[in-house]
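# Survey of secondary and tertiary structure
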Amino acid sequence: MASGIVLPADTFMRMTTLNKLQSLQASRRYGIGRLLLLARRDFLERLTVKMNDETGAIAQARGRLIPYLDVDGTRSVDLARRMGLTKQAVGKLVRELEEDGLLRREPDDADGRAFLVKFTEPGLRYLRRLHRCILEIECDYETLIGAEHMRIVRDALGVISYGAKSRDLDNQ
């Protein structure tokens, strides 16, 4: 006769489910998607503080659109594609930043139906200030994790974001 404790089936199932849930929670804690989202939130919070932005605008239209906008201007349809949004949603974000005086729209000579979104002079000043703050945050992160780890993080994110061409850009 086998010795040991025999648990009722429902107790065994609850324990198994609890173990699976605990395992799932542990794996979610360090899942790459979650870590990227948490790192983005930390970055935006630091940027908001450094930019003295009590309105939270950086995390809203500015933070959502500006990273996708080329310094010399970008077609609205390209912004929509880069951001994974509709042209109408991008148009709303652009209007908000036009109202803030940071962006302007110009007709696109290559496509009469489209327009180019460009920085205004105040927009370029804002962009320069933004990038000074970003460099400070990168220094903060380097202090936190060390120069070598920061290089590894940047390299890895470059490959994830831009693929193999990320390494090609570094060699130019």
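Residues numbered from 1 in each chain as written. Predicted model: local features only at pLDDT ≥ 70, side-chain atom pairs only at ≥ 80, totals over all residues. Heavy atoms only, no water.

### A look at the sheet that holds strand E1 (residues 74-75)
Read from one edge to the other, the open sheet built from three strands follows the order E1-E3-E2, with strand pairing classed as antiparallel. The two strands at the open ends of the sheet, each matched to only one other strand, are E1 and strand E2 (103-108). Pairing analysis gives two bridges linking E1 to strand E3 (residues 111-119), with the strands arranged antiparallel. In the strand pairing of E3, Arg75 is matched with Leu116. Strand contacts of helix H5 (residues 87-99): E2 and E3, with the helix running at about 125° to E2, the strand carrying the most contacts. (Pairing = 2+ DSSP bridges. Helix = DSSP H or I, 4+ residues; strand = E, 2+ residues; numbered from the N terminus. Contact = heavy atoms within 4.5 Å. Axes fitted to C-alpha atoms, helices over the stretch in contact; angles between N-to-C directions.)

### Points about the pairing of E2
Where E2 meets E3, six bridges bridge the pair, whose relative direction is antiparallel. Looking at E3, one finds that Glu106 is bridged to Leu116.

### Overview of the pattern of salt bridges
Counted by the stated rule, this structure contains 17 salt bridges. Across the pair Lys50 and Glu136 runs a salt bridge whose closest N-O atoms are separated by 3.4 Å. On the criterion of sequence distance, the pair formed by Lys50 in helix H2 (residues 32-50) and Glu136 in helix H6 (residues 121-145) is long-range, its members being 86 residues apart. For Lys50, a relative accessible area of 27% corresponds to the partly exposed category. (Salt bridge = Lys/Arg side-chain N within 4 Å of Asp/Glu carboxyl O. Buried < 20%, exposed > 50% of the residue type's maximum accessible area, 1.4 Å probe, protein only.)

### A closer look at the packing of helix H4 (residues 76-83) against H5
The N-to-C vectors of H4 and H5 enclose an angle of 105°; their axes lie 9 Å apart at closest approach. Regarding the angle of H4 to H5, the classification is roughly perpendicular. Across from Ser76, Val77, Leu79, Ala80 and Met83 in H4, the residues of H5 making contact are Lys87, Val90 and Leu93. (Parallel < 35°, antiparallel > 145°, perpendicular 65-115°, else oblique.)

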